[in-house]
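One-letter residues, chain by chain:
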Amino acid sequence: RGRGRGARMAGVLAVPIHGVEDEVLELPKESLPDDPDEIMMILANELAPLKLWLELGVSYYQQRRIEQFATVLETSTGEDGPLYQDYYKEDKAGRIALLNCLAAYHTQLAARTKTKIKKDQHFQSAVEHYQTSDKIDANSPLTWCGKGLISMAKMAVIKGGAAQRSGEKSAEHLSQALIMFENALECDGTCIPALLGKAAVLYNKRQYLASLQLYKEVLQLNPACPPEVRLGPAHCFAALKKPKKAKKAFERVLELVPDNVDALVGLAVTEMNTDPDGSMTLEQQEAFKERQVSKALRHLETAYNAVQKGGGKIQNAMLLNLLAQHYLVRRELDKSYALAWQAFHSTAVPRMRSEACYHIARTFHIKGNFEQAQKFYEHATTIQADFVLPYIGLGQTLVHAKKWTEAKVQFEHVLRHHPNDFEVRKMLGCVCARSGENDKALEQFEAIVNLEVEHRVDEEVYVEMALIYEASDAAKALDCYNRAREQFKRKGTAPPAEVYNNMAALYQKVGDLRKSRTFYEKALKSYGSPVPDDSGSFTVDESDEKVVRALKGSSVTVLYNLARLGEDRHDYHYADQLYRCILKQRPNYTDCFSRLGKIAEVKGNNKFASAWYIEALKINPKHADSWTNLAKLHVAGHDLGNAQKKLEKIVRDSPHDGLSNVILGNIYFNSARWVPMDRDHADRHAMTTKYTSYLSRALDFYRKVLQKETGNIYAANGIAMVLAQSGRLSQAKQIFAQLREAASGQLGHVWVNLAHIHLAQKEYGPAAKLYAAALDRFYSGHDASLLSYIAKAQFAAATTAPRKDEALRVRDRDMLRKCRRTLQKAMHLSPRDYSIQFNLALVLKVGAENVMVSVRDQHQEWIDASAQDANLIIEPPFTIRDLELVDNDNMVMRRLAQFLSSVTDEREFPKSKREEAEAFVSWGKEASDILPTYMEAVEDMKKRYEQSRSYIKKAEQERADEEAARKQAQEEAEEAAKKEAMKLPVPSHTYQLPPVLYRDDKSWDGCMPSAGGCMPWPSGASQSSITSHGQELFRDIRKAFGVSDEHFLASLGIRQVIGGLLMGDMRGMADRVSEGRSGSMFYYSHDGKFMCKTICDEEHWAMREMLREYHRYVIDHPDTLLMRILGLFELHHARKTHKLIVVANVFNSSLPIHERFDLKGSTYKRTIGRDRRGTSGIVHKDIDFMQMGRSITLPKGLDEELRRQIVLDSAFLERQHVIDYSLLVGVHRRKRIERRSSASGGEKKGELHKWSREHAEELGQLFTELRKSAAEGGGLSLGVLDSLSFDDFVAFAHRSSTSSLIGAGKLRRDNSDKDLLRELSSEIDASSGSLAAAAHRAMERENPQNKGARGHFHKGGHHRHHRHHTRQPLKIVKAVPGTSKFQCVEGGMLGTTHDDTGPDDEVIFVGIIDTLVPYQWRKIVEHWIKSVVQHGQNFSVVPPLEYADRFVKFCTSLVKSRPPSDMMEGPM
């Protein structure tokens, strides 16, 4: 007993005495009795709090006295227990705690119970207890947590001793659990069990990041929580592929609990799953993996020892599975099996059980017990369907059982979950290859090659691919073998001998015999076998066991293949010697005897060949090849009876032997061909029956072969031959054509038979081609019989079928000569073939006879024609040389025919042919007798022809003169037409112009030119007129460039130009007029789009001459860079003529032009000087462009278009014979910070007007001097000057520091006060903002309808100044008429001209200007002078072709490309 509530201690159960204050009954927890009834009686009598009942039960549970624990809780919650007593009715927390504890106990029992009935009972009990708790307090968070645990425990349903989990059911239970835990958190947001439960649910849902956040929240709420809680974040980090953080979390758990098995296992798994750095070499990666495995094994060993030290049984299934895998790798199969079996029975988690079952299956697999292995693999797949490793093992066992289809299903299942698995895809490819699905196999292997890095592809993949390709594509097969060799080389190992042998066989197949021999020798060296010398011999050291063992193995096959290679090289001595050497080592190698017999056949010694075949039959009396070869010998000797007997013997032993059946079919087919089928035969019916019988028997044999071997091309060829012999040529032709496609390189007879069909159908050309192709492809051009067939086709194509009693007529002499050469070649190959000699005699006779007949007939025709017209010239068809050749051919023919007529052997040369040969001899004698007559006829024709030769020459000369005159007339007509076409329809309209023009004269309003270019001026004026040239052509040009006539005239304000030119005073238009270096005047329209320029006479006439071609060119090339000339005018006044052109402004843009370049490709004095570079408004030149490191860098594609357009435009200008043109380049820098406007207050209008009148002369001189100075590159920038009108200049000068100098009259008349100019220029440049406003006001005065428009114009184009530094988006112009692809961004292109800017930091404007300078006598003289004075210098004036070439090379070299930019518009 003790007093005071503080007397309770952790190891004591303190029961307060009912009715006595501060007095308790202390019961030590360590000595609790086995029967808890006595203690429960005390608790009941003393009305102890319910938490003591719970504490008593928990004490028993902690001491693993589960039965007593259950008794206490069931008693306390029973009907007679304190739970339902009125005394405890207010203790809701205690009642709920007892019920939840008992419910959790039943949940645990349900998870551990394997019987479904008992499992369901425990779940039901747990649910009932939680429902009772809900009745007490529906908002108890722990009750909701308990319900969530029930749902998680129900994820696995055990039935019949095996766990079966449905994915949908599992997801349903997880969702229910999540709802329960969320309900608990709604009751208490800081409920740690609910947070942990929800984290576990999210982890199982693979929402690892959300689960990790909940675990972190738990640790923040209770940093001193049990160490096991930290396992949750560790597993989350591992699932999120963050091995370093996972490792730290596991290590933190071990710091708190060093022997925590779960942490040790997790740390081991993390170590094993840590991937090496990708920068490591293969050796470094392997070493890294070994270190990680060693670390993992140490952790597992620590975990195992910790469990053993505790004296308990290992219940951690993951630890057991990992140890089982370790011992499996070490091939300690019994230990692995025991651990896996223990893991299988120690857990109800499906994944762990499936993995344990998988390890058990692997132990059986390694032991070779494939039946048991397959059983456990299948069991593992039923436990956990998404665990793919058992499917791999199952597929392997099915492969061992040769169940290809079932194995393929297993591997495909794995690939659906892991499509990039290298090994599984390789196994699937091998299975497909074994089952004959080569296309699917190649698909898998090629997928491996595409997925994997090349050096990581297994060499077995390439070998398997090569084996598939061997039958269809030797080149691809060799490529695969070579890649496999590279993989072997990379690994430092030599390829197996089989690879070398297969490569050698493939090289032999494709005809590369040298490489084939090299690889055969490599294979022999790999086997350790001796390599034959050049004679085919090799010696064997009997004491060398390696050599002896190699010769007893597969190396003999390589030696045999090497001998076959010798046969292909026609080195029969080498092959013969090698076969004999093989027989010394392997006397029973029957194939060597067969090949020796074949070599004897090739040498023409059939007797020795027969002896070799008989030797083979002594070793193997049933050797079918030897019997077949003997039969072939009999067939070659026309001994068909013996051949048939031997083949029938083979067929009796092997009824389906393909070769024997085919040869038997050939024998019957040839027998049918020898049956006489003459119409006058005595027993024609019997012969027909025999013929049909032979063909039927042959057809039966061929069909018999095809029934078993559907791809046997020889049998198919035989059937086609039977069809052809039966007269069914079309069907036979179709079969032969298909066979030729299917076996193009295997069966030459197919080609020959197909040619026979063409010949029979009188298709002589295709027949000859097929014969020739077969001859070259299969017989190396050396086969007399095929040459005879070719000659037969050629002869048939060269001659026509004669009528009765007429000789053959030759229709193609060239073909007949080819036929003769073909027969001569055949006769050279087979000199004893009488049929070839007869055919050659026939060809010679037909050729000679045809010439003689032609001479006779044409001579008579020639005489008759000459008699009718003595001047008729007919060239003699033949010469004496032709008849001399006929005489020679006749002599050869007579000799051949005389020899053939003396042959008496009927078998070699039939009697009928001998009689024909005798007839040839007789004809030859007659021809020799009459040949001189024909020669006389030819001589007569030649003589007559020579006599009339003068007439011929005269006629030819007349024809030549006539042709020359015709050509000259045609050229003159073309030249005249060209000149006429070049004359422009220039209508001249003369109008009376007033003698004096003022800018503000209101009488000019409404007097703009009409659309046709003709200007109706007011009446009353005289001595002035204006002419518009080519107005229709220029209207088309303006339309092509998107310029309407109304806009053109309104924008140009041409009345002021005419007035200024007539009066010789341009000061009134000083804001838009400047003078160039050549003296030409430039006038810019008020909107800056057009420029009016005076030109010289040479340029004027050059434009008129090229106008039509210019019109056609710009219409055909809308993207041209050429200066856009929109009008050509002449203004006549007071005996003066001003020639004008109107062109489009290259720099027509709202963007300011910061840099200008004029590029010609010349380097002589083409620079403005280093000190003046970069000055605003200065036009830089070629040397400046290069030395400033500039280029025209454009998006890829646009650069090629620009180069192409430069080439086209230069070619056009070269054709027009003009030079001195240049590429004008303008650059707007989008990042340039414009200077702020600093406009000062305006002066009063009256004061300014008075001051300007007083100093008008000085101001005009000063303004002119400023323009001259700017044009020469000094002082005021040209860009600012062009934006300045004369009125605004006067206003600015009045308020500037120079006004005192002007007012004092200090400006000298010679305009040489440079200091004043420099000072005024600097002030104007510094106040460019006020000039913008001034220009704006000037524009409003000139064109009041544009009031409010913000812009001003200068020579370079239309600039817009902004008062702020904000950058505006660029305007992208697309599909607008008249806008080329080089003007789509504010009139230019996005790009850059130097490397220190971004790809789109600049807008570049380009155009080719000054295109009207003709290369005439002035330029020719200038070129000649500069060639002498400036010899070696790259000066500008050169001939047009040279100028164009230089211009193109220089300008295209400046254009570069860059990758296309994604930003096509951006801020200014």
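Residues numbered from 1 in each chain as written. Predicted model: local features only at pLDDT ≥ 70, side-chain atom pairs only at ≥ 80, totals over all residues. Heavy atoms only, no water.

*Asks:* Explain a positive patch on the surface here, please?
*Replies:* Together, Lys-216, Lys-242, Lys-244, Lys-245 and Lys-248 make up a positively charged patch on the protein surface. When residues in the positive patch are grouped by element, the largest group, 3 residues, is from helix α11 (residues 243-256). Here Lys-248 lies in helix α11. You can call Lys-248 exposed: its relative accessible area is 61%. (Patch = residues over 30% accessible without salt bridge, like charges linked within 9 Å, V, L, I, M, F, W, Y side chains within 5 Å. Areas by Shrake-Rupley, 256 points an atom, 1.4 Å probe, with all protein chains shown as cover. Salt bridge = Lys/Arg side-chain N within 4 Å of Asp/Glu carboxyl O. Lys, Arg positive; Asp, Glu negative; His and termini not counted. Charge placed at Lys NZ, Arg CZ, Asp CG, Glu CD. Helix = DSSP H or I, 4+ residues; strand = E, 2+ residues; numbered from the N terminus. Buried < 20%, exposed > 50% of the residue type's maximum accessible area, 1.4 Å probe, protein only.)

*Asks:* Could you clarify how one ought to interpret the confidence of the model for the chain in this entry?
*Replies:* A low pLDDT means the predicted coordinates there should not be read in detail. Here the chain shows a mean pLDDT of 78. Residues at 70 or above account for 79%. When the criterion is pLDDT under 50, residues 1275-1280 qualifies, and its contacts beyond four places in sequence or with other chains add up to 22 contacts. For the stretch residues 1303-1313, pLDDT sits under 50, and the model shows 15 contacts to residues farther than four places along the chain or on other chains. (pLDDT = per-residue confidence, 0-100. Contact = heavy atoms within 4.5 Å.)

*Asks:* What should I look at first to understand unusual backbone geometry in this one?
*Replies:* A negative phi holds for most residues other than glycine; trans holds for most peptide bonds. If you check the backbone angles, Arg-206 has positive phi at about 65° while not being a glycine. Within the secondary structure layout, Arg-206 lies in the loop between α8 (192-204) and α9 (208-221). Note on Arg-206: relative accessible area 60%, which makes it exposed. Even without a glycine there, the phi angle at Lys-241 is positive, about 60°. Along the chain, Lys-241 falls in the loop between α10 (231-239) and α11. For Lys-241, a relative accessible area of 71% translates into the label exposed.

*Asks:* How do you make sense of the nonpolar core when you look at a structure like this?
*Replies:* Ranked by size, the top nonpolar core spans 137 residues in total, and within it Phe-411, Phe-445, Val-461, Met-465, Leu-578, Tyr-579 and Ile-582 carry the most contacts. Ranked by size, the runner-up nonpolar core spans 99 residues in total, among them Ala-631, Ile-713, Ala-743 and Ala-826. (Core = buried A, V, L, I, M, F, W, Y, C linked by side-chain atoms within 4.5 Å.)

*Asks:* Help me out: how do you make sense of helix α14 (residues 317-329) in this one?
*Replies:* The α-helix advances 3.6 residues per turn, and as a result positions three or four apart in sequence lie on the same side. With 13 residues, α14 should reach 18 Å at 1.5 Å per residue; the first-to-last C-alpha distance of 18 Å fits that figure. The buried count for α14 comes to 10 of 13 residues, which makes it a mostly enclosed element. Within the span of α14, buried status applies to Ala-317, Leu-319, Leu-320, Asn-321, Leu-322, Leu-323, Ala-324, His-326, Tyr-327 and Leu-328. The inward-facing, buried residues of α14 abut α12 (261-273), α13 (282-309), α15 (333-345) and α16 (350-367). One or two residues past the end of α14 sits Arg-331, with phi positive at roughly 60°. (Expected span 1.5 Å × (residues − 1).)

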